[in-house]
Amino acid sequence: MNLLGVAMENKLSWDGNCLLPTYRLLEGRTPIQRLVRLSEKLKVNLFVKRDDLTGLGMGGNKLRKLEFLVGEALSRNADTIITVGARQSNHARLTAAAAAKAGLRCELILNRAVNRTDGDYIDNGNTLLNDLLGVVVHDLPGSADVQLFANNRAEELRADGHIVYVCPLGGSSPVGCLGYAKCAWEIHAQEEDLGIVFDEIVVPNGSGGMHAGLVAGEVLLGGAPSRIRAHAVLSNADRSRNITLEKTNLTLRLMRPECEIVADDLNLSDDSLGSGYGIPTQAMVSAVRMLASTEGLFIDPVYGGKAFAGLLADVGSGRYQRDQNVLFIMTGGLPGLFAYRDAFRAGAGPV
Ligand SMILES: *Cc1c(COP(=O)(O)O)cnc(C)c1O
């Protein structure tokens, strides 16, 4: 491991020597596994990193960000955490789970931005889990500005004497992004252990924080930002790139202010977005089915399914050589499968 890696481990470690407050939610490194059967089929060395196996609230990528976000909330003596998202937000559910563990009150401001009215979408999946977690859910129409509502609600609670920490969409503040900067270090350490270098690391890009954090970490470790290939699932490529660029540079500023990237450094495609956030595509359905039936692994319909569809399209168009190593980060979101049962019905087209 190089010196930067050691410095980064110390700076971002949750086990002491910690310059930023963190709250431990992960059990340690998540496994990297080789997909033997799918690698054979696709003629590329395909690996997955199991960030779906993080051990709280049914797991998922938001827990890495929440280690830093809840740490910051507790360091400010907050008693309440508020966050925002769509009706089936995985980030909202994991924020509620982390809040339960940390003994914080939690309120979720969710809107119906995804135009689905079926019972599974409205009441199953994350909605069921939020109910079990016992948090307050503000159910707003699709047109509602959740961040504005959250800020107003925070002021209301403050007037009642609460200390409130407001967490942005996807937990993707610069502090939240540090969770994935730390993950970049973790991947470098695992590459050393495995004796492998990944040519590309493939991720979904929603609010952009995971992509931004990984790129910031990669830059700090002396790697190329373009090693992280993201498939946009929320916004088109231009908008996703602008948001991710800003988040990356703000995250870098927290660690090494002299480091900066430019828009062209980001490796990002919106080819598998389809007609918008949370709207199923046939390629997503095929990708979810392929990973399940070939390897026994589940990915979600909103993020992982579209990103994996993007990876499959990249394989199809000859992006990867047979001896190249590609790491796909599995990000969780599995409650979404139960919320999108309709999309997987035989013969169901794009909904
Ligand atoms: C939020 C989320 C992502 C995307 O992460 P961002 O940091 O928002 O880009 C990917 N997969 C799942 C399952 C998520 O919940």
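Because the structure is predicted, anything quoted here is derived from the model rather than measured.

**Q** Tell me about the overall build of the protein, and name the residues and values.
**A** Tallying secondary structure elements over the protein gives 13 helices and 10 strands in all. Relative to its length of 351 residues, the protein is compact, with a C-alpha radius of gyration of 19 Å against a globular reference of 20 Å. Expressed as a percentage of its 351 residues, the buried residues of the protein come to 59%. In the protein, 79% of the contacts between residues at least 6 apart in sequence involve partners at least 24 apart. In the structure as shown, the protein presents an accessible area of about 14,100 Å², 51% of it carried by carbon and sulfur atoms. Taking the average location of the 35 positive side-chain charges in the protein and that of its 39 negative ones, the two points are 3 Å from each other.

**Q** An account of the pattern of salt bridges is needed here, citing residue identities and associated values.
**A** Under the criterion given, the structure shown has 23 salt bridges. A salt bridge links Arg153 to Glu156, with the nearest nitrogen and oxygen atoms 2.5 Å apart. Taken together, the residues span about one helical turn, with Arg153 and Glu156 both in helix α7 (residues 146-159) at a distance of three residues. Under the relative-accessibility criterion, Arg153 is labelled buried at 19%. Put simply, Arg345 and Asp342 hold a salt bridge, and the shortest N to O gap is 2.7 Å. The network of salt bridges with common partners includes Lys49, Asp51, Arg64 and Glu186.

The rules behind the values
- Residues numbered from 1 in each chain as written.
- Predicted model: local features only at pLDDT ≥ 70, side-chain atom pairs only at ≥ 80, totals over all residues.
- Heavy atoms only, no water.
- Helix = DSSP H or I, 4+ residues; strand = E, 2+ residues; numbered from the N terminus.
- Rg over C-alpha atoms; globule rule 2.2 N^0.38 Å.
- Buried < 20%, exposed > 50% of the residue type's maximum accessible area, 1.4 Å probe, protein only.
- Contact = heavy atoms within 4.5 Å.
- Areas by Shrake-Rupley, 256 points an atom, 1.4 Å probe, with all protein chains shown as cover.
- Lys, Arg positive; Asp, Glu negative; His and termini not counted.
- Charge placed at Lys NZ, Arg CZ, Asp CG, Glu CD.
- Salt bridge = Lys/Arg side-chain N within 4 Å of Asp/Glu carboxyl O.

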